Amino acid sequence: MKAGLHTPRLHAPRLRTPLLFVGMAVLLIAVGVGQSWVVSLSILNLCLISAIMALGLNMQWGYAGLLNVGVMGFAALGGLAGVLISQSPVTEAWSAGGAGLGIALAVVVAAALLIVLLRRLVRRKALRTAGTAIIVVAGFFVARIFFDPAVDEIERIDSSTTGYLGGAGLPIILSWAVGGLLAAGAAWLIGKVALGLRSDYFAIATLGIAEIVITVIKNEDWLGRGVKNVTGLDRPVPYEIELQQSPWFLDLVHWLGADPITGSSIFVKLCYAVLFVLVLIAIVWLAERALNSPWGRMMRAIRDNEDAAAAMGKDVTRRHMQIFVLGAAVMGIAGAMLTTLDGQFTPGSYQPLRFTFLVWVMVIVGGSGNNWGAVFGGFLVWFVWVEAEPAGFWLMDAITAGLPEDNPLRAHLLDSAAYMRLIVMGLILLVVMRFSPRGIIPERRGR
Amino acid sequence: MSFLTGEGMTGGYGGADIIRDCTIEAEQGEVAVIVGPNGAGKSTAMKAVFGMIMLREGTVRLDGEDITRLSPQERVRKGMGFVPQERNVFTTMTVQENLEMGAYIRDVGVADTMARVFDLFPILKERRLQPAGELSGGQRQQVAIGRALMTEPRLLMLDEPTAGVSPVVMDDLFDRILEIRATGIAILMVEQNAAQALTIADRGYVLVTGQNRHTDTGEALLADPEVRRSFLGG
Amino acid sequence: MTDVANAIVLLLNFVIVPGVAYGSQLALGALGVTLIFGILRFANFAHGDVMAFGTMVVLLTTWWFQGMGVGIAPLPTALIALPFGIVGAAAFNLAADRVVFRFYRRRKSPPVILLIASVGVMFALQGIVRFIIGPDDRRLADGARFIIKASEFKAATGLKEGLAIKLSQGLTLGVAAIAVAALFWFLHRTRAGKAMRAYSDNEDLALLSGVSPDRVVFYAWLIAGTLAAVAGTMYGIDKSYKPFTYFQLLLPIFASAILGGIGHPIGAVAGGFIVALSETAVTYAYKKFLRYLVPESWEPSGLMQLLSTDYKLAISFVILVVVLLVRPTGIFRGRVLS
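Keep in mind that this is a model prediction, so the values were computed, not measured.

So what exactly am I meant to see when it comes to the interface of chain A and chain C here?
By a frequent convention, interface size equals the accessible area lost on bringing the separate parts together. Taken together, the contact pairs 33 residues of chain A with 35 residues of chain C. Of all elements in the fold, only helix H7 (199-219), helix H15 (352-366) and helix H18 (420-435) of chain A reach the threshold of two or more residues within the side of chain A that touches chain C. With 14 residues, the single largest contributor to the side of chain A that touches chain C is H7(A). Partitioned by chemical class, the residues of the side of chain A that touches chain C number 22 nonpolar, 7 polar and 4 charged.

Sorry, what's going on with the sheet that holds strand S1 (residues 4-11) of chain B here?
Backbone hydrogen bonds are what pair the strands of a sheet, in a parallel or an antiparallel way. Residue and element names in this part refer to chain B. Taking strand neighbours across the sheet as the criterion, the 4 strands line up as S2-S1-S4-S5 in an open arrangement whose pairing is antiparallel. Each of the sheet's edge strands pairs with one partner strand only, and the pair in question is strand S2 (19-26) and strand S5 (65-66). Note: S1 against strand S4 (residues 55-62), 6 bridges, orientation antiparallel. Bridging from a neighbouring strand, threonine 5 pairs with arginine 61 of S4.

What is the right way to look at the interface of chain C and chain B in this model?
Residue-level contacts link 15 residues of chain C with 17 residues of chain B. Looking at which element gives the most residues to the side of chain C that touches chain B, the answer is helix H7 (residues 191-201) of chain C, with 5 residues. Counted by class, the side of chain C that touches chain B contains 7 nonpolar, 4 polar and 4 charged residues.

How should I be thinking about the sheet that holds strand S6 (residues 80-83) of chain B in this particular structure?
All names here are of chain B. Spatially, the 6 strands line up as an open sheet ordered S6-S7-S8-S3-S9-S10, and their pairing is mixed. At either margin of the open sheet sits one strand with a lone partner, and together these are S6 and strand S10 (211-216). Each strand of the sheet is rotated relative to its neighbour by a mean of 15 degrees, with strand direction disregarded. Of the strand pairs in this sheet, strand S3 (residues 31-35) and strand S9 (residues 203-208) are connected by 4 bridges, and their pairing is parallel. The partner of alanine 32 across the bridge, within S9, is arginine 203. This element, helix H7 (residues 167-182), spans S3, strand S7 (155-159) and strand S8 (186-190) of the sheet and lies at about 150 degrees to S8.

Sorry, what's going on with the confidence of the model for chain A here?
Atomic detail in the predicted coordinates should be set aside for any region of low pLDDT. In this model, chain A carries an average pLDDT of 90, and 97% of its residues clear a pLDDT of 70 or more. Counting interchain partners and residues more than four positions distant, the pLDDT-below-50 stretch residues 1-11 of chain A has 0 contacts.

Sorry, what's going on with the arrangement of the chains here?
Considering every one of the 2 pairs of chains in contact, the largest contact total is recorded for chains A and C. Between chain A and chain B there is no contact, and the shortest C-alpha to C-alpha distance separating them is 19 Å.

Looking at this model, I keep getting lost on the domain arrangement of chain A. Mind explaining?
Residue and element names in this part refer to chain A. Parsing chain A into structural domains produces domain 1 (18-89 + 166-435) and domain 2 (90-165). Each partner contributes residues to the interface: domain 1 has 7 residues there, and domain 2 has 12 residues. Each residue belonging to the side of domain 1 that touches domain 2 can be placed in one class, and the counts come to 3 nonpolar, 2 polar and 2 charged.

Basis of the calculations
- Residues numbered from 1 in each chain as written.
- Chains lettered and ligands numbered in written order.
- Predicted model: local features only at pLDDT ≥ 70, side-chain atom pairs only at ≥ 80, totals over all residues.
- Contact = placed C-beta atoms within 7 Å.
- Helix = DSSP H or I, 4+ residues; strand = E, 2+ residues; numbered from the N terminus.
- Nonpolar A, V, L, I, M, F, W, Y, C, P; charged D, E, K, R; others polar.
- Pairing = 2+ DSSP bridges.
- Axes fitted to C-alpha atoms, helices over the stretch in contact; angles between N-to-C directions.
- pLDDT = per-residue confidence, 0-100.
- Domains from an automatic or database assignment.

Here you go:
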């Protein structure tokens, strides 16, 4: 019955998603053919990482309606895990300052326990607030007594190359899991404080907390060398230089008729791509299962009507905490993967625009509430973000082609072409919100 | 044809109709009161008169003019004043500012009207520089009524003006309403305190499930044994 | 006694004076955010960049004036360029409302949607500003540098510590005072201002009273743009102009607005000063200050600094989080304009 009417409606969305991904692949191939395969694969790898970050945010915003504007902080914590896992420990630093740091940590933990105890035992609100404040202040100063000299000692040790505690000396690929855990732990703490706030306050609070996370990572040199950066991180894949000297690789390149240097670069990027695709598939699979489970349905029910859900006896804050921690873990994994791909950890490079707001554009444009939408948004938006710069340059060059080379306007426009990407991003976000508010691959409703 | 005639009004909020074929009239210099059990559509009927819900059927006429399609704001300009049941004052603004906001659409004669409102509610004159949010419930209702009077309406509509105030304050408010009636304004009022409200009503409407059940003078309704039994608790 | 005087002067010079100047700038910014929140009920993430945009117009106009040799020395040329910046920022806000926000307003979209739309505006605006003037740090101040020089102060008082007040600091406070006074006069004494407060307080009742929402929203954007241009310009004169810094200012500005009670103008002003003074007070090294006050034997060995200056931004957020936990409505129970 009525098959004729129903068929196109059913088919359109089914075909649409694969077609969009095919289109994305065509774009990447076009870059490979037109620009270079190295560039194309670099974009692909970052597209994959972006897709994972977008998945994390999609869990929080798309499933549960949490306005997390602190993506950057979780990504940076994941990145920090790359350092903490893969670098070899600096033993002199540990022996010089380890004890002091340990005591400071113990003081902080003791203060935290005291606060918990106080809040359990004391009923009067004023007393509780005052007591908490006193313990926080006292704990801060006592911890500083041990913390400051220890940090000085640690940072003094060979500061041009280390000056920090180093890491665990384990394979960096482990940091992907640890980064997720680190971000999840932070999310739990943040959630304790901020969940339950009105959504705009929650947004501003997370924005600020992410900023604090970055400030701490930038300034606490003993932890991850701060803005002095950690470079030359361990790799989960072979080095180009090794490949160029391996007979099997040279044979392979020869057989393919390629150049060994470009070939090795492409090979390394392909290795990363394979690893990233595996992670992406695993996360999408889990996310899809979660979204379509009773748990996922309840999450969306809470999102669509928080009051009704609360009235039905659902513990809204608890559910929000679960999804907030899970989403943050996914962002942390993506952050660790990014540090791994970069081979370095540079706290100064964490900008909210790139690490928070761009991910937001990915989710909104791709389609919040739909995992495939988030993945597609990650791909498309990252692609545009990268390619807007050469495109802007080309556009400016074309517009000003009539002007002489040394014309100041021409020079200025060419110089500024890079900022086209910001304008393009804003416009994409606004246009999608206006004309396709549910995104390119919208949420499937009514299941 | 009365001054205000809402005739055969049928409508609600989107889905099901809350009032059906409901007729409400009010005359200048008279008080008309709508009473009825909870969920009878009393407030809805008044909102329909004021244009806050769209009617599927029926018409609303004011002074012979068909206003069925006008927005509430346009009806204010036609001479309707409305006092909502809740959130009916600007809590952070002073009493005087509340009254000024009432007269927002007027350019001349505002001072005279305000003087008359202050005559009607002397306590407001005393408190005119105090934020309305700091006043007692009864005084707030006076501010709310005063605000609506500032447009010099020909029809004043009050949605449960005595909700949540003490009996003494309620009597006082009813006295003021009679004073307002004496100035020749038509008054339409929805009331939960049916027995007391009907004592001042020139015209009473008993609504049940969105339909007119009894219509008569306040006095007659109070005397009607069936009305007494069903709606006035004996 | 002189030691106490020296200690006080030291604190004035390094904590109070810079804190008050910065506080005025934050207050102006927070007023704009709070005004938009009070009327349109959303947190405008583009506000910092509107400040950058307005200040950019001021900077371009200043260069133009300087090129023509027009100036008002000893006052900075930027002051006479300020009206152009105000027109620019207000025009941008109104255009953004027309192109972006009005659509969602008319559909009565939830505030969160407007917030996300403001992120889109923020992106585009950051691009526009950098496209026109670039990302570099630029000087906006010219003319005299000081009202009181440290050396003059020392000579006049005979104290060891000097007190310097920069012209830009005095100007900031003065301009902020005028702007705040004008805003309060507008909100409390004019018909349009009262209509705005009424709309913010009780939207439905304001509509019943015949207040035109489009008119109120128009004024809100206009004033927020004006305040943004003034705040941005004063910050630029006092420090320097760098577009990214203005985006970062968004954070302490939000903190100030929420601390004071969002939607509450007096709260925004108070919040601005509290955040700014906390920032300078917590990151100041009190070693020298204490040396004047305590016996020599007690002299502290460390810098006596609570937190390094790198944590400036973090402080406003610690304050913010504490406020959100202890008293989410802020000092002055916000949410409406009053």
